[in-house]
Amino acid sequence: MELEEQLSALCSSLPNSDVIGTIDTLLKLFQNVIDHPLEEQYRRVRMANKTFNEKVWQYPEAQQFLLLSGWVEAGEFVVYIEDNASNLQNVLDSMKSCKSQFLPSSVPVVPQTVVTNSQDTDTNKEERLKKLREDQKRIQEEKKRISAQIKSDRHETNQREARISVSIYYY
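To keep things clear, this report deals only with the structure shown in the data block. Here the structure is a predicted model, which is why all the values come from computation and not from measurement.

Moving on: the overall build of the protein chain. Per the secondary structure count, the protein chain includes six helices and three strands. Across the 171 residues in the protein chain, those meeting the buried criterion constitute 31%. Pairs at least 24 apart in sequence give 69% of the contacts found in the protein chain among residues at least 6 apart. Accessible surface, the protein chain as shown: approximately 11200 Å² in total, 50% of it carbon and sulfur.

A general trend in soluble globular proteins is that nonpolar side chains are found buried together. Ile23, Leu26, Phe30 and Met95 are the most contacted members of the largest nonpolar core, which has 28 residues in total. Looking at this core, the elements that each hand over two or more residues are helix H1 (3-13), helix H2 (16-35), helix H3 (50-57), helix H4 (60-68), strand E3 (77-80) and helix H5 (85-100). Among the elements that line this core, the one with the most residues is H2, at seven residues. Once you skip the residues sitting within four places of it in the chain, leucine 26 turns out to touch Leu10, Val56, Phe65, Leu66 and Met95. By size, the runner-up hydrophobic cluster in this structure holds six residues, among which are Ala74, Phe77, Leu129 and Leu132.

Under the criterion given, the structure shown has four salt bridges. The salt bridge involving arginine 46 is made with glutamate 76; its shortest N-O contact spans 1.9 Å. Here the residue arginine 46 occupies a position in strand E1 (residues 44-46), and glutamate 76 occupies one in the loop between strand E2 (71-74) and E3, the gap between them amounting to 30 residues. On the basis of relative accessibility, which here comes to 36%, the residue arginine 46 falls in the partly exposed class. Taking the shortest distance from any N to any O, the salt bridge between arginine 138 and aspartate 135 comes out at 3.9 Å.

We now examine H4. Among the residues making up H4, those that are buried are Ala62, Phe65 and Leu66. Summarising the axial view, the buried residues of H4 lie within an arc of 95°, below the 170-degree limit, and thus occupy one face. Positioned one or two residues after H4, glycine 70 has a phi angle of 115°, which is positive.

Another aspect to go through is the pairing of E2. Both E2 and E3 contribute to a ladder of four bridges, which runs antiparallel. Bridging across to E3, tryptophan 71 finds its partner in tyrosine 80. Where E2 folds back onto E3 in an antiparallel hairpin, the turn is made up of two residues, including glycine 75, whose phi is positive at roughly 65°.

Here we take up the sheet that holds E3. What links the strands of a sheet is backbone hydrogen bonding, and the strands pair in either a parallel or an antiparallel sense. One open sheet holds the three strands; their spatial order is E1-E3-E2, and the pairing between them is antiparallel. This sheet does not close on itself; its edge strands, each paired only once, are E1 and E2. Pairs of neighbouring strands in the sheet enclose a mean axial angle of 25°, with direction left out of account. Where H2 meets the sheet, it contacts E1, E2 and E3, and its direction lies at approximately 100° from that of E2.

We now examine the side chain of glutamine 136. Note on placement: glutamine 136 falls in helix H6 (residues 122-170). Setting aside chain neighbours within four positions, we find glutamine 136 in contact with Arg44, Ala74 and Phe77.

Calculation notes
- Residues numbered from 1 in each chain as written.
- Predicted model: local features only at pLDDT ≥ 70, side-chain atom pairs only at ≥ 80, totals over all residues.
- Heavy atoms only, no water.
- Helix = DSSP H or I, 4+ residues; strand = E, 2+ residues; numbered from the N terminus.
- Buried < 20%, exposed > 50% of the residue type's maximum accessible area, 1.4 Å probe, protein only.
- Contact = heavy atoms within 4.5 Å.
- Areas by Shrake-Rupley, 256 points an atom, 1.4 Å probe, with all protein chains shown as cover.
- Core = buried A, V, L, I, M, F, W, Y, C linked by side-chain atoms within 4.5 Å.
- Salt bridge = Lys/Arg side-chain N within 4 Å of Asp/Glu carboxyl O.
- Arc of directions from axis to C-beta.
- Pairing = 2+ DSSP bridges.
- Axes fitted to C-alpha atoms, helices over the stretch in contact; angles between N-to-C directions.

Spelled out as structure tokens, the structure:
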């Protein structure tokens, strides 16, 4: 299914009260990638994130739309691995158009256009996904190391406080 068709299916399948919230959340995700193309934190979202889950991930049509538009599931995250900003801008414009159908007619939605010459290959996507997984593994290892250090520091502090209280008791 084409991206435009999936967006249309998404907009028509959601309850009217949920369309704007879902589209706004998707717009924010894509706009963050455009605004911060080199920052990994804007290229991924935790599937368990409450807002993301309630407004986007709970809808199969929204999941399909994200996956068709360049996002992939990677463990507990959904990650944008493409580099084609013009494609993102086209997706943004389509979403704004879809959203405008559900807004009062007095609220205009103005699409923006960005043109880039960036080409993305499957190899590049695989490399980015591999790098992201390596980064996640490194972050988890760092968290474990920090947690162990905090535990050790707390233990040392408790022992020191116990020695101080015993020495005060005997004086």
